[in-house]
Amino acid sequence: MKSCNFSYYDPNTVSEVVSLISRHENAKLLAGGQSLVPMLNFRILSPEHIVDLNKVSDLFGIKENGNHLSIGSMTRQSELLNSPLIIQSSPLISKALGYVGHDQTRNRGTIGGSLCHLDPAAELCVVASAYNAELTVTGKKGDRVIAMSDWPVDFLTPALDHDEILTNIRITPWQGSHGFCFIEFARREGDFAIVAVAVLIEITDHVISKASIALGGVSAGPVRLHDVETLLKGQSPGQELFKEAGLLAKKVDAMSDVNYSTNYRKRLSGALTERALHGAMARFKGEEEGHE
Amino acid sequence: MELWLDLKERKRGMNSREISLKLNGCEVTATVEPRIHLADFLRHTLGATGTHLGCEHGVCGACTVNVDGDAVRSCLMFAIQVDGKNVTTIEGIANSDKTLHPIQEAFRKHHGLQCGFCTPGMVITLEAFLKNHPNPTEFEIRKAISGNICRCTGYQPIVAAAMEAATNLKNQGQ
Ligand code: FES
Ligand code: FES
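Residues numbered from 1 in each chain as written. Chains lettered and ligands numbered in written order. Predicted model: local features only at pLDDT ≥ 70, side-chain atom pairs only at ≥ 80, totals over all residues. Heavy atoms only, no water.

Scanning chain A for helices and strands turns up 11 helices and 14 strands. Compactness check: chain A gives a C-alpha radius of gyration of 19 Å against a globular reference of 19 Å for 292 residues, within 12% of the reference. Judged by the C-alpha coordinates and their principal axes, chain A covers about 60 × 45 × 30 Å. By the burial criterion, 57% of the 292 residues in chain A qualify as buried. In chain A, once contacts between residues fewer than 6 apart in sequence are set aside, the share between residues at least 24 apart is 61%. Of the roughly 12500 Å² of accessible surface on chain A, a fraction of 49% belongs to carbon and sulfur atoms. Chain A carries 28 positive and 34 negative side-chain charges, and their two centres are separated by 3 Å. (Helix = DSSP H or I, 4+ residues; strand = E, 2+ residues; numbered from the N terminus. Rg over C-alpha atoms; globule rule 2.2 N^0.38 Å. Buried < 20%, exposed > 50% of the residue type's maximum accessible area, 1.4 Å probe, protein only. Contact = heavy atoms within 4.5 Å. Areas by Shrake-Rupley, 256 points an atom, 1.4 Å probe, with all protein chains shown as cover. Lys, Arg positive; Asp, Glu negative; His and termini not counted. Charge placed at Lys NZ, Arg CZ, Asp CG, Glu CD.)

Structure, rendered in C-alpha cells:
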C-alpha cells in the first residue's frame, strides 16, 4: 500500500507544466489526489514522474465573465460547494457537490481532477454535461476548447493528450426562470453513485421551453437524454408528463458490472429522472425540499 | 530483470527534499522521499503515532489531520506537499494546560470511543466542522462524520458527544 518511487516536480506556471509533461512520457498530473493517490498506493499506476499542480496559482478560482463562469481546473470542490457566486448563478453545481465524497476529500479534490479522472459516476461530469460545459486544454501548441459532449473517449479516458492539461472549465448559467435538481442513489453517504441525474428545466408561460437531463453511472461518461428533453419541450409540466419522461429515461443504454445489472440501472434511471423532474418543478415554484 | 527494475526504481526516487512545517505549533524540518504520504511521515519519520492508518486509500477517515485549517486525509497527500504548512494532529488538540479539548471531554463522557482507532480522525474532523458550523443539527453532524468509519461504537455515542461538544464550545465562545 505504498506508492512506487517517482520524481516529483511542483512547478508554478502552466507553461512549466506543459514543458514537463511534453518532456516526460510517463508523467502523471497530481491535482487534488483523491483518486490518483489511492491508485498510486494500490500500484494500479506507477508513473515515473509526478507533476504537482497545487502551486500553479493561475489554475485556481472562479471568475464571472459576462454571461458565463470561468472556473480554474484546480478550484477545490469545497470552494465550489460554498461559493456565493456558484450558489447564486448555477446552484445545480453546489447541490451536486453535496454528494461528492466527504468534507475531507472535498477540501483537496478539484473540479479538473474529477473531470480528467472521469469516473463513470462522477457527479461533476454529470453537471458539466447538463450545462454543456466547454473545457479548455493547454498544450505545446496552445489552447483548444473541447465540448463536454466530446470529452469522454472511453472508460476513465478523456479527450486529453498526454502532453496536455485541462486548465479551465466554462459554464454558462441558465438565465431564464428555471428549476434544477440533482439526485443520486448510492448505498451509503458519500459513496460512488449507482445512478445520478441532473435536471434543468426552463419554464416560459407555463410551458417547458428548455430542458437538459444528464445521467451518470450508466456508461463510461455522462449521458444526455436528448429524447426525454425533446419529449418535455413545449409541454406543460405535470405528473403525467414526468411519468412518461421517466418511462423514456428507463430505455437508456445502461452498463452492468459485478454489483448492479443493466436492468437495475435502467429502473433507477427512470425513477430518478421522474423524481428529479418533480424536484426541479418544486424549486421553480420556490419550494425548497428537505434533504434530497 | 528484477534487479534492473529495482535499480531503475531506486534511481527514480533520488529526489528527496528537505521540508519544513509547523506540526502542532512546533517548527519541524526533515528530509522526505516524494512517495512518502503524510500519514507515514507523521508516524514513522516524526514518531507522531496519534494519527492512525486504516485503509491507506481514502475510505476510512482514520488518518484525518488538519492542514492549514482544513480536515484532510493524510494518506492521500504526500509529505512533500505540506512544506511550509501548518499541520494539526490529535496530539495538538488538547488545551495548552494539558486539559482535554471540549470535544475530547465530550467523547469521554459519552463513551464516544471503544478501541479508539477511529477517534483521532473523528476528533480532527469534528473540530474543523464545529468551527464552521457552531449550531449543527444532528443530521449535519452525521453528514460531517460520514467519511469516518467506526467499527465499535455504532456512532450513537459519537453523535451525542459531538452535540454536547458543540454546545460547550459555543458557551465557551471558542
Ligand atoms: S487511512 Fe486514510 S482514509 Fe483510511
Ligand atoms: S472506537 Fe473502535 S473504531 Fe471507533
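Additional details are given in the paragraphs that follow.
Let us now look at the overall build of chain B. Helix and strand content of chain B: six helices and five strands. Projected onto its principal axes, the C-alpha positions of chain B cover 60 × 30 × 25 Å. Burial status across chain B gives 48% buried among its 174 residues. Across chain B, every contact between residues at least 6 apart in sequence was considered, and the portion connecting residues at least 24 apart equals 54%. About 8600 Å² of surface is accessible on chain B, with carbon and sulfur atoms providing 51% of the total. The averaged location of the 18 negative side-chain charges in chain B is 3 Å from the averaged location of its 18 positive side-chain charges.

Now for the domain arrangement of chain B. Buried accessible area, meaning the area lost when the parts come together, often serves as the stated size of an interface. Residue and element names in this part refer to chain B. Per the domain assignment, the segments making up chain B are domain 1 (17-92) and domain 2 (102-172). In this structure, domain 1 and domain 2 have C-alpha centres spaced 21 Å apart. Taken together, the contact pairs 17 residues of domain 1 with 13 residues of domain 2. Across the domain 1/domain 2 interface, buried area totals approximately 1100 Å², and carbon plus sulfur atoms make up 63% of it. Looking at the side of domain 1 facing domain 2, the largest losses of area belong to His52, Thr64 and Ile90, adding up to 42% of the total buried there. (Domains from an automatic or database assignment. Buried area = accessible area lost by both parts, 1.4 Å probe.)

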